[in-house]
Amino acid sequence: MEPWSLDVYNALLVFTLLNLLDIVTTYNILSRYGVEHEANWFARWIFKRMGIAGAFALKYGGMLAIVLASFFTTSDFTAGVWIDNILLSAVVAWNSYVNYKYRDRSGG
């Protein structure tokens, strides 16, 4: 497979979009209700200790670990990105649910 094939491009495009959705949905809840609404206890601890920079380091360090583990076990970079995409889609779905659950019910 070529380093920049259509498969890699598509995987990275979805990865980028899911990351943007994750950032927006996470920010929406945490800005309104605080870090206590972070579901991941370790991420909550990182937020409290290191702020947003620590949260980004945790997020992208974990994603890099998944991609590298996938690459070293399958020799397929694209598979690792798609595994990240699957996990990120679950996170975005959860964040969207929480945003819906805590939405402003006053109609505004």
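The notes below deal with the structure included here. (Residues numbered from 1 in each chain as written. Predicted model: local features only at pLDDT ≥ 70, side-chain atom pairs only at ≥ 80, totals over all residues. Heavy atoms only, no water.)

For the protein chain, the count of helices and strands is three helices and zero strands. Reading the protein chain from its N end, one meets helices and strands in the order α-α-α. Dimensions along the principal axes, computed over C-alpha positions, put the protein chain at roughly 50 × 35 × 15 Å. For the protein chain, with 108 residues in total, the buried portion stands at 29%. (Helix = DSSP H or I, 4+ residues; strand = E, 2+ residues; numbered from the N terminus. Buried < 20%, exposed > 50% of the residue type's maximum accessible area, 1.4 Å probe, protein only.)

Moving on: the environment of Trp94. Here Trp94 lies in helix H3 (residues 77-101). By relative accessible area, which is 47% here, Trp94 ends up partly exposed. Sequence-wise, Trp94 and Tyr27 are 67 residues apart; in three dimensions their C-alpha atoms are separated by 13 Å.

Counting residues in each nonpolar core, the largest one holds eight residues, listed as Ala11, Phe15, Leu18, Met63, Val67, Val81, Leu88 and Val92. Contributing elements (two or more residues each) for this core: helix H1 (6-33), helix H2 (41-74) and H3. In this structure, Leu18 is in contact with Asn85, Leu88, Ser89 and Val92, ignoring residues within four places of it in sequence. (Core = buried A, V, L, I, M, F, W, Y, C linked by side-chain atoms within 4.5 Å. Contact = heavy atoms within 4.5 Å.)

All right, on to the pattern of salt bridges then. For the coordinates displayed, the defined rule picks out two salt bridges. The residue Asp22 makes a salt bridge to Lys59 at a minimum N-O spacing of 2.1 Å. Taken together, the residues span a long stretch of sequence, with Asp22 in helix H1 and Lys59 in helix H2 at a distance of 37 residues. With respect to class, Asp22 is no different from Lys59; both count as buried. (Salt bridge = Lys/Arg side-chain N within 4 Å of Asp/Glu carboxyl O.)

Okay, the packing of H1 against H2 next. The interhelical angle for the contact between H1 and H2, taken along N-to-C directions, is 160°, at an axis separation of 13 Å. Classified by the angle their axes make, H1 and H2 are roughly antiparallel. Along this stretch, H1 crosses H2, giving a crossing that reads as right-handed. For the pair H1 and H2, contact is made by Phe15, Asn19, Asp22, Ile23 and Leu30 and by Phe47, Phe56, Lys59, Tyr60 and Met63, respectively. When grouped by side-chain class, the residues that make up the contact of H1 with H2 number seven nonpolar, one polar and two charged. (Axes fitted to C-alpha atoms, helices over the stretch in contact; angles between N-to-C directions. Parallel < 35°, antiparallel > 145°, perpendicular 65-115°, else oblique. Left-handed = near helix turned anticlockwise from the far one by under 90°. Nonpolar A, V, L, I, M, F, W, Y, C, P; charged D, E, K, R; others polar.)

This part takes up H1. The terminal C-alpha atoms of H1 lie 40 Å apart, and with 28 residues this matches the ideal 40 Å at 1.5 Å per residue to within 8%. Looking only at H1, the buried set comprises Val8, Ala11, Phe15, Leu18, Asn19, Asp22, Thr25, Thr26, Ile29 and Leu30. Remark: Gly34 follows H1 within two positions and exhibits a positive phi of approximately 90°. (Expected span 1.5 Å × (residues − 1).)

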